[in-house]
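# Results of the structural survey
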Amino acid sequence: MRPSPRAADHLIERASVPRERRLAAFGPPGLIRRAQSLGCEDRAGTGVATPPMEGHRVPEAATRRRTVPLPQGSIELAWAALTDVGRRREVNQDAVFAEYPLFVVADGMGGHIGGEIASSSTVNRLEAIVGSGSVTPKTIEKALAKAVKDIASHPEATDDGTGTTVTGVFLELTGDEPHWVSLNIGDSRVYLLRDDTLVQITTDHSVVQELVAAGRLSPEEAEHHPYGNVITRAVGPSDSVRPDYIRLDVLDGDRFVVCSDGLTKELTDYGIQHFLREHEDPADAAAAMMDAALENGGRDNVTVIVLNVTRTD
Ligand code: CA
């Protein structure tokens, strides 16, 4: 099954990424995606492959906190962010920015240093609007348009295939009621654990997601589809920079996970939910997910933000 010629003009192939599964569905249960191709041994019989980790320092996470006063009550946020090159790549093309009120991941793609330029330009432009105190869809889209110019200003390292995902959430305080707003371009993801149920908030902009949504491909077929690493939208010279937005209520006890596909290649949704339940503290939860992703192969750059929400009246 091939995408239409029109769509194909805008496909972004992650050429250096092994063609692997990208679509995480609920089930079959199992915390960790098996890294069968790596020849890893399941030493403990747990279903978790545990290759040796020598020489790889796992980064340390620290939980940060912020209290947001409301006319009535307050919102308390606690979060931690981690990014790591993984165990197969030489450079980390992911970038992460987690500062109130914006929590985002960018997963760059493109040859040479193009991917790094794309993701770092994007988070730097978003960081600037946080610094200016106005995070809205309008300021985000202006920032992304500037990032596209930044990317194009490195012609020696970038081309039409250079771009980045950008995915995350921000807290919006403009109306009567505060809201979370998710934003997404590409196939990084926002998950929300609410009422002990994990839901993927964002919809991937990928060929397999479009085929699954159209009923033309089952989730099982999608896992091995030859277009498994092809995304249909990115922040880059040949794309629009308008993300998809979804507005959510702010509820006590909500827990967000924002991550690049390097995490969801190695960890099932069930695994993400498991590590959130096991670790209340955001830094502990992020570190546990990072460790699991690296232990299972770390085939791509891995980035994860965990954000806990406490709301008091
Ligand atoms: Ca990636």
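In short, a report on the structure. (Residues numbered from 1 in each chain as written. Predicted model: local features only at pLDDT ≥ 70, side-chain atom pairs only at ≥ 80, totals over all residues. Heavy atoms only, no water.)

### Points about the overall build of the chain
Each helix and strand counted, the chain has eight helices and 14 strands in total. Within the chain, the fraction of its 313 residues that count as buried is 52%. Carbon and sulfur atoms provide 48% of the accessible area of the chain, an area that totals close to 14,000 Å². (Helix = DSSP H or I, 4+ residues; strand = E, 2+ residues; numbered from the N terminus. Buried < 20%, exposed > 50% of the residue type's maximum accessible area, 1.4 Å probe, protein only. Areas by Shrake-Rupley, 256 points an atom, 1.4 Å probe, with all protein chains shown as cover.)

### What about the coordination of the calcium ion?
Bound to the calcium ion on the protein side are D107 (OD), D107 (OD), D261 (OD) and D300 (OD), at distances that span 2.3 to 3.1 Å. Sequence spacing of the donor residues for the calcium ion, all on one chain, is D-x153-D-x38-D. Separated by 154 residues along the polypeptide, D107 in strand 5 (residues 102-109) and D261 in helix 6 (residues 261-264) bring together distant segments of the chain. (Donors = N, O, S within 2.8 Å, 3.2 Å for Na, K, Ca; no water.)

### Focus: the side chain of R299
Tracing the backbone shows R299 in the loop between helix 8 (282-295) and strand 14 (302-312). For R299, a relative accessible area of 9% gives the class buried. Within the structure, the side chain of R299 is placed 3.2 Å from the backbone oxygen of K265, a separation counted as a polar contact. (Polar contact = N/O pair within 3.5 Å; in protein donor to acceptor, adjacent residues only side chain to side chain.)

### Observations concerning the environment of N92
On the secondary structure map, N92 appears in the loop between strand 3 (74-84) and strand 4 (94-99). When its relative accessible area of 21% is taken as the criterion, N92 is described as partly exposed. Between the C-alpha atom of N92 and that of S119, which follows or precedes it by 27 residues, the distance is 9.9 Å. There is a polar contact of 2.9 Å between the side chain of N92 and the side chain of T83.

### With respect to the packing of helix 2 (residues 114-132) against helix 3 (residues 137-152)
Put simply, helix 2 and helix 3 touch, their axes get as near as 8 Å, and they point 145° apart. For the crossing formed where helix 2 meets helix 3, the hand is right-handed. Residue-level contacts link I117, A118, S121, T122, R125, L126 and I129 of helix 2 to T139, I140, A143, L144, K146, A147, D150 and I151 of helix 3. The residue inventory of the contact of helix 2 with helix 3, partitioned by class, reads nine nonpolar, three polar and three charged. (Axes fitted to C-alpha atoms, helices over the stretch in contact; angles between N-to-C directions. Left-handed = near helix turned anticlockwise from the far one by under 90°. Contact = heavy atoms within 4.5 Å. Nonpolar A, V, L, I, M, F, W, Y, C, P; charged D, E, K, R; others polar.)

### Some words on the sheet that holds strand 9 (residues 189-194)
Taken in spatial order, the six strands of this open sheet run 2-3-14-13-9-10, and their pairing is antiparallel. In this open sheet, the two edge strands, each paired with only one partner strand, are strand 2 (64-69) and strand 10 (197-200). On average, each strand axis in the sheet is inclined to that of its neighbour by 20°, with strand direction left out of account. Pairing of strand 13 (residues 255-259) with strand 14, which is carried by five bridges, proceeds in the antiparallel orientation. If you follow C259 over to strand 14, its bridge partner there is V304. Packed onto the sheet, helix 7 (residues 269-278) meets strand 9, strand 10, strand 13 and strand 14 and runs at close to 130° relative to strand 10. (Pairing = 2+ DSSP bridges.)

### A look at the packing of aromatic side chains
Where two aromatic rings form a pair, the distance of their centres and the angle of their planes describe that pair. A complete count under the given rule lists three aromatic pairs for this structure. Ring geometry for W79 against F103: centres 5.2 Å apart, planes inclined by 75°, an arrangement best described as edge-to-face. On the criterion of sequence distance, the pair formed by W79 in strand 3 and F103 in strand 5 is long-range, its members being 24 residues apart. As far as burial versus exposure is concerned, W79 and F103 are alike and both buried. In this structure an aromatic cluster arises from ring pairing among W79, F103, W180 and F256. (Phe/Tyr/Trp six-rings, centres within 6.5 Å; stacked < 30°, edge-to-face > 60°.)

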